[in-house]
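Breakdown of the fold
Below are the chains, spelled out letter by letter.
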Amino acid sequence: MTEDAFDYLAITRLQAAYGDAVTRQAWDELVPMFLPDCPVYLDLGNGSIVEKIGPVAIGAFIAEAIARFEFFEFTIVNATVDVHPGGSHAKGRLYICELRQEREGHRFTTAYGLYRDTYGKADGRWCFARRDYSSLARGAPADGTMDVFPIPGDAP
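Let me sum up the structure you'll find in this document. (Residues numbered from 1 in each chain as written. Predicted model: local features only at pLDDT ≥ 70, side-chain atom pairs only at ≥ 80, totals over all residues. Heavy atoms only, no water.)

A few words on unusual backbone geometry. Even without being glycine, Gln25 reaches a positive phi, approximately 55°. Its location among the elements puts Gln25 in the loop between α1 (3-24) and β1 (39-43). For His106, which is not glycine, the phi dihedral falls at a positive 60°. With respect to the secondary-structure elements, His106 resides in the loop between β4 (89-102) and β5 (108-122). (Helix = DSSP H or I, 4+ residues; strand = E, 2+ residues; numbered from the N terminus.)

Encoded structure:
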């Protein structure tokens, strides 16, 4: 296998490990996945951008956001990875779907989103160096009500 293929595999494993940790709400497992000063920008579709710095802050933000759900699962719909020549950094897009059921009323909802990521290496392993998240749609598909947001361009 080429170095590019190893890098691609390592980054897709990072993406999957992130989804697994978020689903299990294992917030401490996020720490080695991020560079310590990694900025995360979240466009939740309400006209403002939320900024969090580092894995502890993003874990706390997600924990608070999903506390209302009795069931929550983070799923990867599709992912791209582009390792730059030399293998020092990479970029990618991660399309996701959140399956969730509200604790109160047991209403099942879904949310779709897109992470536009920059990856860097720390101690020889790939980490998130920057994340730009955009909500794409959310609501209750069973009753046909979904809020839909535009897909952002490639540049964060």
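Let us keep going from here.
Tyr18, Leu30, Met33, Phe34 and Phe128 are the most contacted members of the largest nonpolar core, which has 30 residues in total. Taken together, the elements giving at least two residues each to this core come down to α1, β1, α2 (54-66), β3 (69-83), β4, β5 and β6 (125-140). (Core = buried A, V, L, I, M, F, W, Y, C linked by side-chain atoms within 4.5 Å. Buried < 20%, exposed > 50% of the residue type's maximum accessible area, 1.4 Å probe, protein only.)

The subject of this paragraph is the pattern of salt bridges. Counted according to the given criterion, the structure contains seven salt bridges. Across the pair Lys121 and Asp7 runs a salt bridge whose closest N-O atoms are separated by 3.5 Å. Of this pair, Lys121 sits in strand β5 while Asp7 sits in helix α1; the two residues are 114 residues apart in sequence, bridging distant segments of the chain. Residue classification places Asp7 among the buried positions, given a relative accessible area of 5%. Taking the shortest distance from any N to any O, the salt bridge between Asp117 and Arg131 comes out at 2.7 Å. Note that Asp117 is positioned in strand β5 and Arg131 in strand β6, a separation of 14 residues in sequence. Taking relative accessible area as the criterion, Asp117 reaches 2% and is therefore assigned buried. Among the charged side chains, a network of salt bridges with common partners joins Asp20, Arg24 and Glu29. (Salt bridge = Lys/Arg side-chain N within 4 Å of Asp/Glu carboxyl O.)

Function cannot be read off these values alone, since they describe shape.
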